[in-house]
Amino acid sequence: MPASQQPAAPQPATLPPAVRDPRLDVIRGLCLVMIFINHVPGNWLEVFTTRNFGFSDAAEGFVIMSGIAAGLAYGPYFRAPMRVRTGLSRCWSRAWTLYLVHILTCMVALGLAAASVRYLGASEIFLRNNMAMVWQRPLEVLIGLPALTHQFGYVNILPMYLVLLLATPFALIAAWRWPGWLLAGSVALWAAAAWFRLGPPNYPQSGIWFFNPLSWQLIFVIGLMTGVRIRQGRRLVPVRGWLLAICLGWLVFAALAAQVPAINKALGETLWALREATNAPWFLVAFDKTYVSGPRLTHILALAYVLSALPVVWRVCAHRAAAPLALLGRQALPVFALGSMLCIGAQGVRLAAGGGIWLDLVLIATGLSAQLALAAARQYWPKDAAPRA
């Protein structure tokens, strides 16, 4: 069938709010898969994740998708004043749930690390993931863990998301009424956080959170605004051929820079020379994850725009072959929590056994299967099937 006669793929911007965009769940599920793989560092499958083909990684993707989901789920409550109270309750109840899940995840991760030392002899794991402080300064760590100021590596994205959810009601009120001011304020906060090195403190260590919510809020806010626009039946950024070409070009260049050492070196030298010549702020030309610096930010925004603008992405995500990823995406919180626990155990096994392709495949396949099983149980287990006391 000629392209001109093919039926147009449905566009989410024109859908009624009750219709769920398949890309939201599938891409978020794919981000969860890549996060789990990357959280078992050194494994053979790590080279196939997106962080090896661009400046951003699955974490940025997960945050912008979570922002879109929050805008869709909570946005309508803040359109009319009489529903704001319900919206506040739902957002902050979810934030409390995130806090509880984070504390549970930390405790289980700590237990798995201890088991790796006790039963596998993988003592090195307590020198990784910011866990050395547990035995070096235990009293301070016991204060810092519930206060969210001490965070273990690979188990530290939920505190940032929790802070963003606490601010979500105010952002959504602005998104409906003053979207331009919201975006301008978000950009200003992002720039100020990097310029003045602002962020929630680490305790008992120095520095700030690795996932600095004052910086990552920009990605989340753009996601929120996207969700609100979808609720309005519009796009946040219209599809334009020239803009799509620019974004595609940037993504291709980023992939080449990540894979070709000569291009990577030339890019670094060019950015350094640009900063020297123009005195540009460091965060516009650096590759810093904590402050979501310029190349990382523009890369994830370009990727999000391309994925939202190409109809083929919708068709691929709506295909039944993508159903497992969609299932993971719909149960993102429990899946992420389980993956964060299992990755610590998998790290311990790799340290004890020395790694290897087959061990990596078994560990990753086992972990992803467990996450998929949990998602299926949460999605399909009858709500009234649980035994009652």
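Residues numbered from 1 in each chain as written. Predicted model: local features only at pLDDT ≥ 70, side-chain atom pairs only at ≥ 80, totals over all residues. Heavy atoms only, no water.

This paragraph deals with the overall build of the protein chain. The secondary structure content of the protein chain amounts to 16 helices and zero strands. In terms of overall dimensions, the protein chain is globule-like: its C-alpha atoms have a radius of gyration of 22 Å, near the 21 Å expected for 389 residues. Taken along its principal axes, the extent of the C-alpha atoms in the protein chain is 65 × 65 × 50 Å. Within the span of the protein chain, comprising 389 residues, buried residues form 48% of the whole. Sequence-distant contacts in the protein chain: of pairs separated by 6 or more residues, those separated by 24 or more amount to 75%. Surface summary for the protein chain: the accessible area is close to 19,200 Å², and the carbon and sulfur share equals 68%. Charged side chains in the protein chain number 30 positive and 12 negative. The centres of these two groups are separated by 13 Å. (Helix = DSSP H or I, 4+ residues; strand = E, 2+ residues; numbered from the N terminus. Rg over C-alpha atoms; globule rule 2.2 N^0.38 Å. Buried < 20%, exposed > 50% of the residue type's maximum accessible area, 1.4 Å probe, protein only. Contact = heavy atoms within 4.5 Å. Areas by Shrake-Rupley, 256 points an atom, 1.4 Å probe, with all protein chains shown as cover. Lys, Arg positive; Asp, Glu negative; His and termini not counted. Charge placed at Lys NZ, Arg CZ, Asp CG, Glu CD.)

Glancing now at the confidence of the model for the protein chain. Averaged over all residues, the pLDDT of the protein chain is 91; the fraction at 70 or higher stands at 93%. Residue range residues 1–18 is modelled with pLDDT below 50. Its contacts to residues more than four positions away, or to other chains, number 20 contacts. (pLDDT = per-residue confidence, 0-100.)

Attention now moves to the packing of helix α1 (residues 22–38) against helix α2 (residues 58–74). Across the interface, α1 lies against α2 with an axial gap of 9 Å and an inter-helix angle of 150°. In the packing of α1 onto α2, the handedness of the crossing is left-handed. Taking contact as the criterion, the partners of Arg23, Leu24, Ile27, Arg28, Cys31, Leu32, Met34 and Ile35 in α1 are, on α2, Ala58, Ala59, Gly61, Phe62, Met65, Ser66, Ile68, Ala69 and Leu72. Along the lines of polarity and charge, the residues of the contact of α1 with α2 split into 13 nonpolar, two polar and two charged. (Axes fitted to C-alpha atoms, helices over the stretch in contact; angles between N-to-C directions. Left-handed = near helix turned anticlockwise from the far one by under 90°. Nonpolar A, V, L, I, M, F, W, Y, C, P; charged D, E, K, R; others polar.)

Throughout the structure, instances matching the rule amount to 13 aromatic pairs. Ring centres 5.6 Å apart and planes at 75° place the aromatic pair Trp44 and Phe48 in the edge-to-face group. Considering the side-chain rings of Phe211 and Trp216, the 5.1 Å spacing of their centres and the 65° angle between planes classify their relative orientation as edge-to-face. The buried category is assigned to Phe211, whose relative accessible area is 7%. Through pairs of rings, three or more aromatic residues link up here, namely Phe55, Trp250, Phe253 and Phe287. The ring of Trp282 has Arg197 lying over it, and the distance from NZ or CZ to the ring centre is 4.2 Å. (Phe/Tyr/Trp six-rings, centres within 6.5 Å; stacked < 30°, edge-to-face > 60°. Lys NZ or Arg CZ within 6 Å of the ring centre and 35° of its normal.)

Let's shift gears to empty space enclosed by the protein. One water molecule sets the probe size; rolling that probe over the atoms shows where empty space is left. Enumeration according to the criterion identifies three cavities of 30 Å³ or more in this entry. In this model, the largest cavity occupies a volume close to 50 Å³. Taken together, Leu32, Ile35, Phe36, His39, Val335, Phe336, Gly339, Ser340 and Gln371 form the lining of the largest cavity. Elements with a minimum of two residues in the lining of the largest cavity: α1 and α15 (332–353). In the lining of the largest cavity, the residues fall into five nonpolar, four polar and no charged. There is about 40 Å³ of room inside the second largest cavity. Looking at the second largest cavity, the residues that line it are Phe62, Val63, Ser66, Ile157, Met160, Tyr161, Leu164 and Phe220. Elements supplying a minimum of two residues to the lining of the second largest cavity: α2 and α6 (158–177). Grouping the amino acids of the lining of the second largest cavity by side-chain chemistry returns seven nonpolar, one polar and no charged. (1 Å grid on protein atoms, 1.4 Å probe; cavity = no way out; pocket = protein on both sides within 12 Å on 5 of 7 lines; lining within 4 Å. Points joined across faces, edges and corners; volume = space filled by probe spheres on them.)

Axis separation between helix α9 (residues 241–259) and helix α12 (residues 294–309) bottoms out at 9 Å; the angle between their running directions is 125°. For the element pair α9 / α12, the angle class is oblique. Considering how the two elements wind past one another, α9 and α12 form a crossing that is left-handed. Here Leu243, Leu244, Cys247, Leu248, Trp250, Leu251 and Ala254 of α9 come into contact with α12, specifically with Pro295, Thr298, His299, Ala302, Leu303, Tyr305, Val306 and Ala309. (Parallel < 35°, antiparallel > 145°, perpendicular 65-115°, else oblique.)

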